[in-house]
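Understanding the architecture of this molecule
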Amino acid sequence: MDFKMTEEQELLLESAREFVNRHFTEDKIKQWYKEHGVPDELTKAYLDAGFGYLGIPEEFGGTPVDNMTICLVVEEMTRASGASTPFMLNSLVMFDMCEFGSPEQIQFAMDAYTKVGKPCFSLAVSEPGAGSDNASMTTTAKKVDGKIVINGQKTWVTNGETSPYVLVVAKDEDPSPQNKNMSMWLLPKDTPGVKTASLEKIGQTIMPFCEMYFDNVVIEESCLVGERGRGFMNLMKNFEMERLIIGAHSLGMAQAAMEDAAAYAGQRVAFGQTIGKFQQIQQKLTDMEVKIQNMRNLLYKTAWELDNGISVQLNSALVKRYIPNAALEVCSDALQIFGGLGYTTETRVSRLWQDSRGNQIAGGTDEIMVYIAGRQILKKYAK
Ligand SMILES: Cc1cc2nc3c(=O)[nH]c(=O)nc-3n(C[C@H](O)[C@H](O)[C@H](O)COP(=O)(O)OP(=O)(O)OC[C@H]3O[C@@H](n4cnc5c(N)ncnc54)[C@H](O)[C@@H]3O)c2cc1C
C-alpha cells in the first residue's frame, strides 16, 4: 500500500484549490448558506472545470479516475473552502445511473447533468416511517395498463426541491414488509402528482432537504433504472462508495477546523501569552491531530482496497462509523479553542461543527454502521 500521490493527483488537487480560491470567499459562502444553495454559475463552473465528470466512464463523456482520487478531491475542496457543497451528491446519482442505467438512460442523464447548470438529481429513499429500516418503505410502483403508477412519501431528500430529476426507490406492487422487492425509477420532478415541502436543517443548509410526495404519479416503464426488484441490492452496492465520500467530506471539515484552531491558538493572547502555550490547548490540538491522521489512514486504506477489488463491506462501515464522529469531536474542540468567538457566525469552525453533525446520520447512522460492522467482525474473527 503506497499512499504517495501520483503527479496527476497532485495536479488535480492543485486545480481544486485554485477553483476554490477563485470562486469561494467567506462572504459568498455565508450568503449561499443563507440562501440554501449555490448559484447556477458556480455549478456550471464546477462542471466546466471538469470536476463533475470525475469517475464517470469515458464513453459517456466523463473522466475515469479511481475512488481514491474522488475522495482526495472531495476532501481537498471541503478543506480549502471550509464549506459543504452540493456537488458530490449529484455525482453519486450519476454513478448510480452509469452503473445501472441503460446506455440511452446514461446518455440522457449525462446530457441533463451538463445542460441543467445546477444540481440536477436528488435521491429519494428515506420515508417518515422507514429510514434506517429501508425494507419497511411503503412507497409503491405498480404496473397499471402498461404504465407505472407511484404512490407514497419520501423525506430528507437532499436538493429535492431544486433538482429537476429524482431517482426514487419504491417497492414493486406490494407495500407489505414481507415484500423485499424494490426498484429504482428516474423521473422528472415536474411529473404531475409529484410535490415537495421544505424542511429546515440545522447544518449543511447550503444543500437543503425536503419532503417529497407521490400521488398517483404515472410514468413510463422505461423510467426503470437497472433490473426490476434489484433496487435494494443496487443501493447497497453504491452505499459503500457513498460512505467513503461522506468520510472524505467529514475529514475535509475536520482538517479545515484544525487549521483554523491551530492558527488561532498561536495568536490569541490570554494571561500574557498565546493560548497555544497552555498545555490543555496543546493536548486538544494533539488529540485532534491523532484523530485526523487516523481518519485519513482509514479512509485512504479503504479507498485503496475498493480500487484493488478487495471487499470493503466491513471497512466502509468502519469509515462511516469512525470518521464523522471523530470529525465532530475535532470541530467541537476547534470551537472550544476559539472560546466565545467560536460560538458565533464570525468563524468557520461554528459552521464546520454544525455541518459535521449531519454526517453521523446521513448515508446511514452511526448505530447502523455498528449493526453492519458487528456482524462482519464476528465473521472475521470466528474460530
Ligand atoms: C444531512 C442529511 C441528508 C440526508 N439526505 C438524504 C437523501 O438525499 N435521500 C434520502 O433518501 N435520505 C436522506 N437522509 C435521510 C437519512 O438517510 C436517514 O435520516 C437515516 O437513514 C436514518 O433514518 P431515520 O432518520 O428514519 O432514523 P431511524 O431509522 O428512525 O433511527 C432513529 C435512531 O434509532 C437508531 N436505530 C435505528 N435502527 C437501529 C438498530 N437496528 N440498532 C440500533 N439503533 C438503531 C438510529 O441509529 C437512530 O439513532 C438524509 C439525512 C441527513 C441527516
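This part covers the overall build of the protein. When helices and strands are counted, the protein shows 11 helices and 10 strands. Over its C-alpha trace the protein gives a radius of gyration of 21 Å, about what one expects of a compact globule, namely 21 Å for 383 residues. Expressed as lengths along the three principal axes of its C-alpha atoms, the size of the protein is roughly 80 × 55 × 40 Å. By residue count, 46% of the 383 residues in the protein fall in the buried class. Restricting to contacts in the protein with at least 6 residues of sequence separation, those with at least 24 account for 73%.

Right, let's get into the site of the ligand. Around the ligand sit 20 residues, and of these Gly131, Ser132, Ala362, Thr365 and Glu367 come closest. Of all the secondary-structure elements, those providing two or more residues to the shell around the ligand are strand S1 (121–124), strand S3 (147–158) and helix H11 (366–380). Considering only residue class, the shell around the ligand consists of 10 nonpolar, 8 polar and 2 charged.

Ranked by internal contacts, the top residues of the largest apolar core, which has 106 residues, are Trp185, Ala257 and Cys331. Ignoring sequence-local partners within four residues, the contact set of Cys331 consists of Met253, Ala254, Ala257, Val349, Leu352, Trp353 and Ser356.

So, about the packing of helix H7 (residues 231–265) against helix H10 (residues 348–358). Close contact between H7 and H10 brings their axes to 10 Å; oriented N to C, the two are set at 155 degrees. By the angle between their directions, the pair H7 and H10 is classed as roughly antiparallel. When the axes of H7 and H10 are compared, the crossing they make is left-handed. Together, Ser250, Met253, Ala256, Ala257, Asp260 and Ala261 of H7 and Arg348, Val349, Leu352, Asp355 and Ser356 of H10 make up the contact between the two elements. Taken together, the residues of the contact of H7 with H10 break down into 6 nonpolar, 2 polar and 3 charged.

Glancing now at the environment of Ile372. Examined against the element boundaries, Ile372 turns out to sit in helix H11. Distance from Ile372 to Ala317, taken between C-alpha atoms, is 6.6 Å for residues 55 residues apart in sequence.

Time to look at the domain arrangement of the protein. By domain assignment, the protein separates into domain 1 (7–118), domain 2 (122–228) and domain 3 (232–380). Between the C-alpha centres of domain 1 and domain 3 the distance comes to 21 Å. Listed by partner, the interface residues are 19 residues for domain 1 and 22 residues for domain 3. Examining the composition of the side of domain 1 that touches domain 3, we find that 10 residues originate from one element, helix H4 (residues 67–81), more than from any other. Among the residues making up the side of domain 1 that touches domain 3, the classes are represented as 9 nonpolar, 4 polar and 6 charged.

On to the environment of Gly55. Position of Gly55 relative to the elements: it lies in the loop between helix H3 (40–48) and H4. Overall, Gly55 belongs to the buried group, with 21 C-beta atoms counted inside 10 Å. Sequence-distant contacts of Gly55, defined by excluding residues within four places in its chain, comprise Gly62, Pro64, Val65, Ile70, Ser91 and Phe95.

Here we take up the pairing of strand S7 (residues 209–219). Examined bridge by bridge, S3 and S7 share 8 bridges and lie antiparallel to one another. If you follow Lys154 over to S7, its bridge partner there is Met212. Bridge count between strand S6 (residues 194–198) and S7: 5 bridges; the pairing is antiparallel. Counterpart to Lys195 in the pairing with S7 is Tyr213.

Parameters at a glance
- Throughout, residues of each chain are indexed from 1 in the direction in which the sequence is written.
- For a predicted model such as this one, the threshold for reporting local features is a pLDDT of at least 70, and the threshold for listing and counting side-chain atom pairs is 80 or more; totals across whole chains, interfaces and linings nevertheless cover every residue.
- A run of DSSP states H or I qualifies as a helix once it reaches four residues; a run of E qualifies as a strand once it reaches two. Both are numbered from the N-terminal end.
- All radius of gyration figures rest on C-alpha atoms, and the globule criterion is 2.2 Å times the number of residues raised to 0.38.
- As a rule, residues whose C-beta atom has 12 or fewer other C-beta atoms within 10 Å are exposed, those with 20 or more are buried, and those in between are partly exposed; C-beta atoms are placed from the backbone.
- With C-beta atoms placed from the backbone, a contact is any residue pair whose C-beta atoms sit within 7 Å.
- Residues are classed as near a molecule or strand if the C-beta position derived from their backbone is within 6 Å of it.
- All amino acids are sorted into three groups, where Ala, Val, Leu, Ile, Met, Phe, Trp, Tyr, Cys and Pro are nonpolar, Asp, Glu, Lys and Arg are charged, and the leftover types, Gly among them, are polar.
- In this description, a nonpolar core means buried residues of the types Ala, Val, Leu, Ile, Met, Phe, Trp, Tyr and Cys, linked to one another by C-beta atoms lying within 7 Å.
- Interaxial angles span 0 to 180 degrees and are taken between N-to-C directions of axes, which are lines fitted to C-alpha atoms, for helices over the stretch in contact.
- What sets the label is the angle itself: under 35 degrees gives roughly parallel, over 145 gives roughly antiparallel, 65 to 115 gives roughly perpendicular, and the rest give oblique.
- Here is the rule for handedness: rotate from the far helix to the near one, and if that takes an anticlockwise turn smaller than a right angle the crossing is left-handed, while a clockwise turn gives right-handed.
- Reported domain spans reflect what an automatic or database domain assignment gives.
- We treat two strands as partners when DSSP finds at least two bridges between them.

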